[in-house]
Amino acid sequence: MKKKALSRRKFITGVAGASLATAAGPLQVLGSVTILNRRQGKLALLGGEPVRRAGPIGPPWPYVDDHLVDTVVKTTKSRIWSRVQAANGTVPSFEKEFAALIGTGYCVATGSGTQALSTCVEALGIGPGDEVITSPYTDMGTISSILTSRALPVMVDVDPDSYQLDPDEVEKRINSNTRAIMPVHIFGVAADMEHIMAIARKHGLKVIEDACQSHLARYQGKGLGTIGDLGCFSFQASKPVACGEGGAVVGNDQALMDECYTVQNHGTSRKGSNETIGPKYRMNEFEGAVLMGQFPGIRERFRIRNENANYLRDKLKDLPGLVPQKHYPGTESGAYYHFGMTYHKDHFNGAARSLFLKAVAAEGVSLGSYIRTGLHREPWIDHILGLESYQKMYTAARLKEYKEGMHLPNCDRISDETMVSFWGSGTLLAGKDEMDNIVNAIMKVYENRNALIKNP
Ligand SMILES: *Cc1c(COP(=O)(O)O)cnc(C)c1O
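In this text, all values refer to a predicted model and were calculated from it rather than measured experimentally.

Thoughts on the overall build of the chain
Then, in step 1: In terms of regular secondary structure, the chain is built from 20 helices and 12 strands.
Then, in step 2: Over its C-alpha atoms, taken along the principal directions, the chain stretches across nearly 75 × 60 × 35 Å.
Then, in step 3: In the chain, which comprises 456 residues, the share counted as buried stands at 56%.
Then, in step 4: For the chain, restricting intrachain contacts to residue pairs at least 6 apart in sequence, the fraction spanning at least 24 positions comes to 72%.
Then, in step 5: When the accessible surface of the chain is split by element, carbon and sulfur atoms take 53% of a total near 19,300 Å².
Then, in step 6: Of the charged side chains in the chain, 52 are positive and 48 negative, and the gap between their average positions amounts to 6 Å.

Listed below in structure tokens is the structure:
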């Protein structure tokens, strides 16, 4: 069994560099003829046979099994529907298990990832007049969590190959109002935390990790979300661990985590005294039940995604035109919310990304380009610059400089030209045959790149 898988692997790697005709002989011996044939021939876009029949890759999503359903039914019948009704309901139990799972002292569940991030901003006392440095290449929830405390989200450019916050750019934008850095582990793979933590220490800044895509992923011996002062997760329906809508804050500082509890409990502490500013962000017991119900297989699904992602990274090594997301030293595993790749059209005979995506889709494999644009090019910026409150909190000179700082060329290039990704939470749970289909669809388009565009 193992031997066969190895030969197949070798085969695909070999074909990428070698001519198909010379590779055909030995392949038959290895029993991989179907793979070869499927990769040969006319592009499906031009009327050829597709690599696979179109349709989603991977098992139905979100994950559901009998145990999960039983847990939800049990919660319904127990009539414990809010976490404040019992100390051992699904939400408090989930908090304990999740903290242990990722290796941190404490966890406070919330109603979403955005709420988790917002809880951290508020718990650290960040508010009007303060600035938080973060990435433009992220979910709007990241930015929203800073805005709801009426602080200023300062977006800096990203690395073009890792799509993560560029630490040099972070340091350039620190000023006397800067209070925190909010790195985003995009696609569930670690940002350059070694450098970001060093900068934060040097300037006395807090670090809130947006680990909303990063469940169980590890870096330099630590779980993502447990490296900074606080970390946040999302359990929105598309995330690798999902309950519809849900979130969590994690951390090791008990006093700070108590403050997070108080903030997400409309300012009411565990002891019942009303102490601070806070919305009501509590996770409900049904969401907790969906999460508790899927605990038994969480590690296994994480392992399968990593195995498949590593397999794809290995297969794509010899293809110069489509380079998987750069990992920083010390990256041990990823959550792979998305599997991201950088598209270099020069290696595809000049074909624009849209044409490449169309050609791969015709082969039955649907790839996308993640978010349509960096968040520095969205209307919310002019909205806050027009608000009297922001005009009172920040000087006119600062707001002018802020607007001028929206020039983030790497982020623009990624979103406009080079990002090619697919959603990994479910897709990466598929079998090896489907991983081969993904590789073969891409390779077939690469090998037929001259037919794709005749006069570049
Ligand atoms: C999903 C996500 C969020 C927001 O989480 P919600 O649960 O949808 O509120 C924030 N940041 C990142 C990076 C995300 O992927």
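Focus: the site of the ligand
Then, in step 1: Lining the immediate surroundings of the ligand are 14 residues, of which Gly 113, Thr 114, Gln 213, Ser 234 and Lys 239 lie closest.
Then, in step 2: One of the side-chain N or O atoms of Asp 210 is found 2.7 Å from a nitrogen atom in the ligand.
Then, in step 3: One nitrogen or oxygen atom from the side chain of Ser 234 is found 2.6 Å from an oxygen atom belonging to the ligand.
Then, in step 4: For the ligand, the accessible surface in isolation is 380 Å², of which the surrounding protein chains cover 93%.
Then, in step 5: Class assignment of the residues belonging to the shell around the ligand gives a composition of two nonpolar, nine polar and three charged.

With respect to the sheet that holds strand 5 (residues 206-210)
Strand-to-strand pairing in sheets goes through backbone hydrogen bonds, with the strands running parallel or antiparallel.
Then, in step 1: Within the open sheet, the seven strands sit side by side as 1-9-8-5-4-2-3. Their pairing is mixed. Edge positions in the sheet fall to strand 1 (106-110) and strand 3 (152-155), since each has one partner strand and no second. Here the strands of the sheet are splayed against their neighbours by 25° on average, with no regard to which way each runs.
Then, in step 2: As judged from the four bridges shared by strand 2 (residues 131-134) and strand 3, these two strands associate in the parallel manner. Opposite Glu 131, over in strand 3, you have Leu 152 as the bridge partner.
Then, in step 3: On top of the sheet, helix 9 (residues 193-203) reaches strand 4 (178-182) and strand 5; it is set at about 150° to strand 5, its chief contact.

Thoughts on the domain arrangement of the chain
Then, in step 1: Domains assigned within the chain are domain 1 (8-60 + 298-371 + 414-454) and domain 2 (66-296).
Then, in step 2: Counting from both sides, the interface comprises 32 residues of domain 1 and, opposite them, 35 residues of domain 2.
Then, in step 3: Between domain 1 and domain 2, the buried area comes to about 2,900 Å², and carbon and sulfur atoms account for 58% of it.
Then, in step 4: Sorting the residues of domain 1 by area buried against domain 2 places Ile 298, Tyr 328 and Tyr 337 first, and these three jointly supply 26% of that buried surface.
Then, in step 5: Inspection of the domain 1/domain 2 interface yields two salt bridges.

Some thoughts on the packing of aromatic side chains
Then, in step 1: Scanning all chains against the criterion turns up 17 aromatic pairs.
Then, in step 2: Note on Phe 98 and Phe 233: the rings are 5.0 Å apart at their centroids and 85° apart in plane angle, and the pair reads as edge-to-face. Note that Phe 98 is positioned in helix 5 (residues 90-102) and Phe 233 in strand 8 (residues 230-234), a separation of 135 residues in sequence.
Then, in step 3: Take Phe 98: its relative accessible area is 1%, and that puts it in the buried class.
Then, in step 4: The class for Phe 233 is buried, based on a relative accessible area of 0%.
Then, in step 5: Centre to centre, the rings of Tyr 390 and Tyr 394 are 5.7 Å apart; their planes meet at 15°, and the pair counts as stacked.
Then, in step 6: Members of the aromatic cluster, each reached through a chain of ring pairs, are Phe 94, Phe 98, Phe 233, Phe 235 and Phe 295.
Then, in step 7: Positioned over the ring face of Tyr 311 is Lys 315, at 4.4 Å from the centre of the ring.
Then, in step 8: The positively charged end of Lys 432 is found above the aromatic ring belonging to Tyr 311, 5.0 Å away from the centroid.

Some words on the state of the cysteines
Then, in step 1: A complete count under the given rule lists zero disulfides for this structure.
Then, in step 2: As a non-bridged cysteine, Cys 107 has Cys 232 as the owner of its nearest cysteine sulfur, 10 Å distant.
Then, in step 3: Cys 212 forms no disulfide, and the closest cysteine sulfur to it belongs to Cys 232, at a distance of 6.1 Å.

Description of the nonpolar core
One recurring pattern in soluble globular proteins: nonpolar side chains tend to sit buried together.
Then, in step 1: Within the largest apolar cluster, 70 residues are counted, with the highest numbers of intra-cluster contacts made by Tyr 137, Met 155, Trp 380 and Tyr 402.
Then, in step 2: Shared between two domains, this core holds at least three residues of each, these being domain 1 (8-60 + 298-371 + 414-454) and domain 2 (66-296).
Then, in step 3: Tyr 311, Leu 319, Phe 422 and Met 443 belong to the second largest nonpolar core, which has 35 residues in total.

Thoughts on the pattern of salt bridges
Then, in step 1: Tallied over the full model, the rule gives 23 salt bridges.
Then, in step 2: With a shortest N-O distance of 2.7 Å, Arg 398 and Glu 131 are connected by a salt bridge. Of this pair, Arg 398 sits in helix 16 (residues 396-404) while Glu 131 sits in strand 2, and the two are 267 residues apart along the sequence. Neither residue differs from the other here; Arg 398 and Glu 131 are each classed as buried.
Then, in step 3: The residue Glu 307 makes a salt bridge to Arg 303 at a minimum N-O spacing of 2.6 Å. Here Glu 307 and its partner Arg 303 are both found in helix 12 (residues 295-315), four residues apart, which amounts to about one turn of the helix.
Then, in step 4: Here Glu 307 falls in the partly exposed class, since its relative accessible area comes to 41%.

So, how was this worked out
Residues numbered from 1 in each chain as written. Predicted model: local features only at pLDDT ≥ 70, side-chain atom pairs only at ≥ 80, totals over all residues. Heavy atoms only, no water. Helix = DSSP H or I, 4+ residues; strand = E, 2+ residues; numbered from the N terminus. Buried < 20%, exposed > 50% of the residue type's maximum accessible area, 1.4 Å probe, protein only. Contact = heavy atoms within 4.5 Å. Areas by Shrake-Rupley, 256 points an atom, 1.4 Å probe, with all protein chains shown as cover. Lys, Arg positive; Asp, Glu negative; His and termini not counted. Charge placed at Lys NZ, Arg CZ, Asp CG, Glu CD. Near = heavy atom within 4 Å. Polar contact = N/O pair within 3.5 Å; in protein donor to acceptor, adjacent residues only side chain to side chain. Nonpolar A, V, L, I, M, F, W, Y, C, P; charged D, E, K, R; others polar. Pairing = 2+ DSSP bridges. Axes fitted to C-alpha atoms, helices over the stretch in contact; angles between N-to-C directions. Domains from an automatic or database assignment. Buried area = accessible area lost by both parts, 1.4 Å probe. Salt bridge = Lys/Arg side-chain N within 4 Å of Asp/Glu carboxyl O. Phe/Tyr/Trp six-rings, centres within 6.5 Å; stacked < 30°, edge-to-face > 60°. Lys NZ or Arg CZ within 6 Å of the ring centre and 35° of its normal. Disulfide = S-S within 2.5 Å. Core = buried A, V, L, I, M, F, W, Y, C linked by side-chain atoms within 4.5 Å.

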